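# Structural overview for review
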Amino acid sequence: MEIEIPSGKVTAIGYYRWRICALLFFATAINYIDRQVLSILAPQLQTELRWTESQYGLIVTAFQVAYAIGFLFMGKIMDRFGCWGGYAFSVLIWSVAAMAHAVARTAVGFGWSRFALGLGEAGNFPAAVKVVSEWFPIKERSLATGIFLSGSSIGAIVAPFAVPIIAIHYGWQWAFILTGASGFVWLAFWLATYRPVREHPKLSKSELGYIQSDPPEPTTEVPWMQLLKYKQTWAFALAKFLSDPIFSFYFFFLPKFFNSQHGLALDNIGVPIMIIYIMSDLGSLVGGWFSSHLIRRGWSVIKSRKFTMLLAAITVTPVYLASQTTDLWVAVGLIGLALAAHQAWSANLLTLPSDMFPRQAVGSAVGIGSTVGAIGGMFGATTAGFLLQSTHSYAPLFVVAGSAYLVALAILHGLTPRLQAPIS
């Protein structure tokens, strides 16, 4: 990439910011590997440890409760102390918690391990979105967000292959231990590589100038409670409340869905899950690229974000048919399309706080919205467990999964018809 400098010469600006984005990608991948181990092993653990459907739903809910609580302080930690130490703190907590599952033997024990995992993993998105807001200009933010968000799909692809192999050959306990240990590898790279953008010794002046090429932002401190007064905060939060539980449903219940509806067991679930999350991965990249592309073509930021989210919301709607078909590969295709659309939606939704709030408030704004999203996921997981136990049908859950995004977009647009910043 090149830019013009005052002398009229053209100079390369560098790509160090994309190395930082790569670290965000790998952290997100590890995050989703660690949280998915339980859902992959759930059919085996339910049989071995004699959980009911409602107990499994409550174990998932324990994660969601802690996830919601964690967001309340993790976003503020990133804004107050910075992402070098804040992100490291988050990864350390969730890695230890992931490994702690190996010593659990009861539903209560797994619930406590999931709770600790949720507290730590809550730091990932406030940190990653804040890093993107600091390291990328507006026109590249949704693409960078889409790239690091695609790590969630890569994690969801790796886990269904790695976890069964480890569990079958070494026991389910080692699946938790080895995946949890991967976070410590990432920590070593993060602590050695990352520094705040203005202090980084390996960042060229031309790349720093490019990163800071947007109009100046306010630099005043934004009290956490003040953010609750703005409709922009609640627009983001309510959109998260309606859409986050859908991804949680897929993430925690897909292995069980394929097991009960199509007879897939631990040793043959890998390929369908891989296909679904490859499609999801493409959705992250395409969704992030598309709105950035529209901005470069002259579209306004808000129009490009909302138009991309509208296309994603429409694309999700056929997923209801996945609960009606008896053909495994039709179900895989429909769910994969829905998850691709979800990731395209999320790449743009997660970019909105950096569009609407100054950098020093982005982590807190993402934390507040994600707390509300996690609360939605908490109720969604519990409701899904009890619905499945009482109706033995996935149809109602897929009806909600196909319609939530259009409702969320209507609320988002109603509260923020324009992308005005609430703080100036």
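Residues numbered from 1 in each chain as written. Predicted model: local features only at pLDDT ≥ 70, side-chain atom pairs only at ≥ 80, totals over all residues. Heavy atoms only, no water.

## A closer look at the overall build of the protein chain
Selection criterion: Helix and strand assignments follow DSSP, with helices taken as H or I runs no shorter than four residues and strands as E runs no shorter than two, numbered in order from the N terminus. Buried residues are those whose accessible area, probed at 1.4 Å on protein chains only, stays under 20% of the maximum for their type, while exposed residues exceed 50% and partly exposed ones sit between those limits. We call two residues in contact whenever any of their non-hydrogen atoms come within 4.5 Å of each other. Counted charges follow a simple rule, with Lys and Arg positive, Asp and Glu negative, and His plus the chain ends left uncounted. Lysine's charge is taken at NZ, arginine's at CZ, aspartate's at CG and glutamate's at CD.
Across its full length, the protein chain carries 16 helices and two strands. Taken along its principal axes, the extent of the C-alpha atoms in the protein chain is 70 × 40 × 40 Å. Looking at the protein chain residue by residue over its 424 residues, the buried ones come to 58%. Long-range pairs, those at least 24 residues apart, make up 84% of the contacts in the protein chain with a sequence separation of at least 6. Of the side chains in the protein chain, 27 bear a positive and 19 a negative charge, and the two mean positions are spaced by 6 Å.

## As for helix α12 (residues 301-316)
One full turn of an α-helix is made of 3.6 residues, so residues set three or four places apart face in the same direction. The condition is simple: The span one expects for a helix is its residue count, reduced by one, times 1.5 Å.
Between its terminal C-alpha atoms α12 stretches 23 Å, which fits the 22 Å expected from 16 residues at 1.5 Å a residue. Along α12, the residues classified as buried are I302, S304, R305, K306, T308, M309, A312, A313 and V316. Check the buried side of α12 and you find it contacts α6 (138-170), α11 (270-296), α13 (328-349), α14 (352-356) and α16 (395-415).

## A short note on the domain arrangement of the protein chain
We apply this condition: Residue ranges assigned to each domain were obtained from an automatic or database domain assignment. Here the quantity called buried area is the total loss of accessible area, with a 1.4 Å probe, experienced by two parts when brought into contact, counted for both.
For the protein chain, the assigned domains read domain 1 (15-210) and domain 2 (224-419). Measuring from the centre of the C-alpha atoms in domain 1 to the corresponding centre in domain 2 gives 18 Å. On the domain 2 side, the residues contacting the 55 residues of domain 1 number 55 residues. A buried area of about 4,800 Å², summed over both sides, lies between domain 1 and domain 2, and 68% of it is on carbon and sulfur atoms.

## A look at the pattern of salt bridges
Applied cut-off: Any Lys or Arg side-chain nitrogen found within 4 Å of a carboxyl oxygen on Asp or Glu counts as a salt bridge.
Taken as a whole, this structure holds seven salt bridges when the rule is applied. E207 is paired through a salt bridge with R17; the nearest N and O atoms lie 3.0 Å apart. With E207 in helix α8 (residues 205-211) and R17 in helix α1 (residues 16-49), the pair connects residues that are 190 residues apart, well separated along the chain. The exposure class assigned to E207 is buried, which follows from its relative accessible area of 2%. Between D355 and R305 there is a salt bridge, with the nearest N and O atoms lying 2.8 Å from each other.

## Notes on a nonpolar patch on the surface
The criterion, for reference: Each patch is built from salt-bridge-free residues with over 30% relative accessible area, joining like charges within 9 Å and nonpolar side chains (Val, Leu, Ile, Met, Phe, Trp, Tyr) within 5 Å. Surface accessibility in these figures is a Shrake-Rupley result with a 1.4 Å probe; residues are shielded only by whichever protein chains are displayed.
A cluster of nonpolar side chains, namely W234, L238, F241, V407 and I411, defines an oily patch on the protein surface of about 380 Å² accessible area. Of all elements in the fold, only α10 (231-262) and α16 reach the threshold of two or more residues within the nonpolar patch. Tracing the backbone shows W234 in helix α10. Taking relative accessible area as the criterion, W234 reaches 35% and is therefore assigned partly exposed.

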